[in-house]
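# Inside the fold
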Amino acid sequence: MKNTDELCEKIERILSLKFKNSGVDASLSYVRNNIHVVIVSRFFDGLTEDLRHGLVYGFLDESDLKEEEIKRISLFALLSPDDVK
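In short, a report on the structure. (Residues numbered from 1 in each chain as written. Predicted model: local features only at pLDDT ≥ 70, side-chain atom pairs only at ≥ 80, totals over all residues. Heavy atoms only, no water.)

In this section: the pattern of salt bridges. Inspection of every chain in the model, using the stated rule, returns five salt bridges. In this structure, the salt-bridge partner of K71 is E67, at a minimum N-O distance of 3.1 Å. With respect to burial, K71 and E67 carry one shared label: exposed. Salt bridges sharing partners connect three or more residues here, namely R42, D45 and D82. (Salt bridge = Lys/Arg side-chain N within 4 Å of Asp/Glu carboxyl O. Buried < 20%, exposed > 50% of the residue type's maximum accessible area, 1.4 Å probe, protein only.)

Another aspect to go through is the packing of helix α1 (residues 4-18) against helix α2 (residues 49-62). At a minimum axis distance of 10 Å, the contact between α1 and α2 shows a crossing angle of 115°. The interaxial crossing formed by α1 with α2 has right-handed handedness. Where α1 abuts α2, its residues I14, L15 and K18 lie against V56, F59, L60 and E62. Tallied by class, residues from the contact of α1 with α2 come to five nonpolar, no polar and two charged. (Axes fitted to C-alpha atoms, helices over the stretch in contact; angles between N-to-C directions. Helix = DSSP H or I, 4+ residues; strand = E, 2+ residues; numbered from the N terminus. Left-handed = near helix turned anticlockwise from the far one by under 90°. Contact = heavy atoms within 4.5 Å. Nonpolar A, V, L, I, M, F, W, Y, C, P; charged D, E, K, R; others polar.)

Strand pairs in the sheet, formed through backbone hydrogen bonds, run parallel or antiparallel to each other. Strand order in the open sheet formed by three strands is β1-β2-β3, with mixed pairing between adjacent strands. In the strand order of this sheet, the two ends are held by β1 (23-28) and β3 (73-79), each with one partner. Each neighbouring strand pair of the sheet contributes to a mean axis angle of 10°, computed without reference to strand direction. Packing of α1 onto the sheet brings it into contact with β1, β2 (35-40) and β3, and relative to β1 it is tilted by some 160°. Sheet contacts for α2: β2 and β3; angle to β3, the most-contacted strand, approximately 125°. (Pairing = 2+ DSSP bridges.)

Further remarks concern the packing of aromatic side chains. For the structure on display, the rule yields five aromatic pairs. With centroids separated by 5.2 Å and ring planes inclined at 45°, the aromatic side chains of F19 and F44 adopt a geometry described as tilted. One end of the pair, F19, is in the loop between α1 and β1; the other, F44, is in the loop between β2 and α2, with 25 residues separating them in the sequence. Comparing F19 with F44 shows no difference in burial state: the two are buried. Here the aromatic rings of F19 and F59 are separated by 5.5 Å at their centres, their planes lie at 75°, and the arrangement is edge-to-face. With F19 in the loop between α1 and β1 and F59 in helix α2, the pair connects residues that are 40 residues apart, well separated along the chain. The class of F19 is buried, set by a relative accessible area of 2%. (Phe/Tyr/Trp six-rings, centres within 6.5 Å; stacked < 30°, edge-to-face > 60°.)

Here it is, written out as structure tokens:
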């Protein structure tokens, strides 16, 4: 298993390829070994929270991440720019 910094960087790279021109951040959470992912993207405009999560999980499942690496993600904040105005 990758260390947390390497895994965060890999998650960011994977998601940045799918969400071009968007803000993507993966970082260590306050709970040891868990990761939080934040994405702000126009791609989420008009989508429900369930659809947003489904898309991101689909991209992660298609990647070369291992299941135990994906399970380390404990929080997703998936926002449209309109959500933060």
